[in-house]
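Each chain, written out:
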Amino acid sequence: MIFKTNSVPLLKISKVISNVFNPLTSLFLFFVYESSQKYTVTETIVNFIPILLITIIPITIWISWNVKKGRYTNLDVSNRNQRKSLYFFIAGMLLIYLMYNYVIHQKIDFTMTFLLLLLLVLQISNYFIKSSMHTAFNVFVAALFFNLNPYLGFLWLGIAVAVGITRIILKRHTLQEVLTGAFIALLVSFIYLYTTIQMQTYL
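All values reported here derive from a predicted model rather than from experimental measurement.

### Remarks on the overall build of the chain
1) Next: Helices and strands together make up the secondary structure of the chain, namely eight helices and zero strands.
2) Next: The order of α-helices and β-strands along the chain, N terminus first, is α-α-α-α-α-α-α-α.
3) Next: Computed over its C-alpha atoms, the radius of gyration of the chain comes to 17 Å, within 12% of the 17 Å expected for a compact globule of 203 residues.
4) Next: Taken over the C-alpha atoms alone, the chain extends approximately 50 × 40 × 35 Å along its principal axes.
5) Next: By residue count, 45% of the 203 residues in the chain fall in the buried class.
6) Next: A separation threshold of at least 6 residues defines the contact pool for the chain, and within that pool the share at least 24 residues apart is 70%.

### Some remarks on the nonpolar core
1) Next: Counting residues in each nonpolar core, the largest one holds 50 residues, and the members touching the most others are Phe31, Met112, Leu115, Leu118, Leu122, Phe137 and Phe140.
2) Next: Mapped onto this core, the elements with two or more residues apiece are α2 (23-38), α3 (41-69), α4 (83-105), α5 (110-126), α6 (133-148), α7 (150-169) and α8 (175-202).
3) Next: A total of 10 residues in this core trace back to one element, the largest contributor, which is α6.

### Re the pattern of salt bridges
1) Next: Tallied over the full model, the rule gives three salt bridges.
2) Next: Note that Glu34 is salt-bridged to Lys38, the shortest N-O span being 3.4 Å. A residue pair is termed a helical-turn pair when its members lie 3 or 4 positions apart in one helix, as Glu34 and Lys38 do in helix α2 at four residues.
3) Next: Assessed through its relative accessible area of 45%, Lys38 is described here as partly exposed.
4) Next: Here Asp76 ties to Arg167 by a salt bridge, and the two come within 3.3 Å at their closest N and O atoms. Residue Asp76 is found in the loop between α3 and α4, and its partner Arg167 is found in helix α7; the two are separated by 91 residues along the sequence.
5) Next: The buried category is assigned to Asp76, whose relative accessible area is 16%.
6) Next: The network of salt bridges with common partners includes Asp76, Arg167 and Arg172.

### Some points on the side chain of His173
1) Next: One can find His173 in the loop between α7 and α8.
2) Next: Within the local environment of His173, its side chain forms a polar contact with the side chain of Glu177, the two groups lying 3.1 Å apart.

Analysis parameters
- Residues numbered from 1 in each chain as written.
- Predicted model: local features only at pLDDT ≥ 70, side-chain atom pairs only at ≥ 80, totals over all residues.
- Heavy atoms only, no water.
- Helix = DSSP H or I, 4+ residues; strand = E, 2+ residues; numbered from the N terminus.
- Rg over C-alpha atoms; globule rule 2.2 N^0.38 Å.
- Buried < 20%, exposed > 50% of the residue type's maximum accessible area, 1.4 Å probe, protein only.
- Contact = heavy atoms within 4.5 Å.
- Core = buried A, V, L, I, M, F, W, Y, C linked by side-chain atoms within 4.5 Å.
- Salt bridge = Lys/Arg side-chain N within 4 Å of Asp/Glu carboxyl O.
- Polar contact = N/O pair within 3.5 Å; in protein donor to acceptor, adjacent residues only side chain to side chain.

Right, dumping it as structure tokens:
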């Protein structure tokens, strides 16, 4: 590696980037942006608050509680074996939200469905290699932004690359694990964007 990973300033900067752009925060920022572009204040409450209450908040509490109990080594859940329960919990919350959304709005939430798909592929990958969730989710968030605003999509892709580099610097992942996470997310993102474009064409 060309980075001097024992450099204190570099480690501090990497920790800030990695913490700020963790998967939950990145998704939260996207949903806030999407709501501001598509919905009124009332519609935002109806559409975004359930996402916050059913997925983001419970997942945050789950991770924090397990760290406090010593079941997870850190908030990143960087231990491969510990991640198994995290994947199952997140998948459960996403399924609950998808069922809720379908009952209330009589439609499938396309974004959350692909988030669940991404999570399932990462979960399968975890049995073979600890692929980077930070990198994978930020690459997918870049695709979500791209669907609304291509400029923001490319900007967030740059953020995803930066996040991937920080994961290596912080020794949370190897280069192979970061690239695996990126590859999985790129594959799911391509399917998401292709399907979205096809759906918009026929509307």
